[in-house]
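Listed below, chain by chain, are the residues.
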Amino acid sequence: MILLKPDRLGWFVRAKRRQLGYTQHALAELAEVGRPWLVELELGKRPNPALDRVIQLLAALGCAMQVIDLNARAASPSQPFSLEAKASQLAGNDDVQGAEFAKSRASVPQKATGQERPEAKNAMFFGRDYAVADFGAAGIAVDRGQLDLPSYRDVLSSMVALVVNTEAPVFQDVLERRIASAHGHRLTNRLKLVIASLTKSFPSTAEGDRRVIWAGDPSNMTPPPFRSAPLSLRNHSDIPAIELEALAAAVMPGRTPDQAITVMSQHLGLSSVREATRERLLRAITNASRNGNEIGG
């Protein structure tokens, strides 16, 4: 969401908090801000909140602050693009998921070439770069020695919530590996069962035999934009299909399916494409086309 009025910040924080299932007390603790301060912010009674606290609060919600030049214009002789018009459009959208598009990059359309980054073609299908949950930065005290203790479940619960709020939609097995790795520990069946019990409160969808965890109700959500990441940070097989469809939608205009697969694989950092990967990318292209996600041409 692009906030054009100070009181919209409190509205957004309240809506996002409720969407994630946090109480005011829990969010205040996670963000390390006072609950009275949070209550006043949500009610619009903090017209000039401290910037450092706002940044901490947004980080706890899995969001980030972005400054956009509303006077920027994309040079297009046939159809001028106005960031101000887009800001006004998004500001009027009361859907909480409009917040996801607030993280979209403001990108100037360029002449299409086979080597261009796809987001230059259509920025709306691209969000922020993929970020991995940072437990240390969130103040979560990871202790391998207590991993098997019942009293440690609260810490594991905080870790699960941080991964979901930072990385969702995310495969459950990715979340499991993230937490096991943070403890320098192999993923045991016991740890998988504990994590499974802690993710029950989050909505999920099935993708083959894998479970995708969401930070909000996927049936009421705008499809998430594609999040770029090097292979060292996120393997292409760990990208949910819904994100691949956003990538497909961005590269499809003016290209055949084979050409789109080539551009997608380049963007994913793949030097070659195995048959199974090719089939997955082709499904993303087919679904994006079926869902009417293709724009322009």
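Residues numbered from 1 in each chain as written. Predicted model: local features only at pLDDT ≥ 70, side-chain atom pairs only at ≥ 80, totals over all residues. Heavy atoms only, no water.

Novice: Could you give me a rundown of the pattern of salt bridges, with the residues and numbers involved?
Specialist: Using the criterion set out here, one finds 12 salt bridges in the structure. For Arg17, the salt bridge identified is with Glu42, shortest N-O distance 2.7 Å. Here Glu42 lies in helix 3 (residues 35-42) and Arg17 lies in helix 1 (residues 7-20), a separation of 25 residues in the sequence. Like Glu42, Arg17 is buried. One salt bridge connects Arg190 with Asp148, and the closest N-O pair in it is separated by 3.4 Å. With Arg190 in helix 9 (residues 189-198) and Asp148 in the loop between helix 6 (98-102) and helix 7 (153-167), this pair connects stretches of sequence that are 42 residues apart. Overall, Arg190 belongs to the partly exposed group, its relative accessible area being 41%. Residues joined in a network through salt bridges with shared partners are Asp173, Arg177, Arg210 and Asp238. (Salt bridge = Lys/Arg side-chain N within 4 Å of Asp/Glu carboxyl O. Helix = DSSP H or I, 4+ residues; strand = E, 2+ residues; numbered from the N terminus. Buried < 20%, exposed > 50% of the residue type's maximum accessible area, 1.4 Å probe, protein only.)

Novice: Residues and numbers for the packing of aromatic side chains, please.
Specialist: Enumeration over the complete set of coordinates arrives at zero aromatic pairs. Here Arg234 stacks its cationic end above the ring of Tyr130, 4.0 Å away from the centre of that ring. (Phe/Tyr/Trp six-rings, centres within 6.5 Å; stacked < 30°, edge-to-face > 60°. Lys NZ or Arg CZ within 6 Å of the ring centre and 35° of its normal.)

Novice: For the packing of helix 11 (residues 257-267) against helix 12 (residues 275-290), give the residues involved together with the corresponding values.
Specialist: In the contact formed by helix 11 and helix 12, the axes pass within 10 Å of each other and the chain directions differ by 115°. What the angle tells us is that helix 11 and helix 12 run roughly perpendicular. Relative to helix 12, the crossing made by helix 11 is right-handed. For the pair helix 11 and helix 12, the contacting residues are Pro257, Asp258, Ala260, Ile261, Met264 and Ser265 in the first and Arg278, Leu281, Leu282, Ala284 and Ile285 in the second. Broken down by class, the residue content of the contact of helix 11 with helix 12 amounts to eight nonpolar, one polar and two charged. (Axes fitted to C-alpha atoms, helices over the stretch in contact; angles between N-to-C directions. Parallel < 35°, antiparallel > 145°, perpendicular 65-115°, else oblique. Left-handed = near helix turned anticlockwise from the far one by under 90°. Contact = heavy atoms within 4.5 Å. Nonpolar A, V, L, I, M, F, W, Y, C, P; charged D, E, K, R; others polar.)

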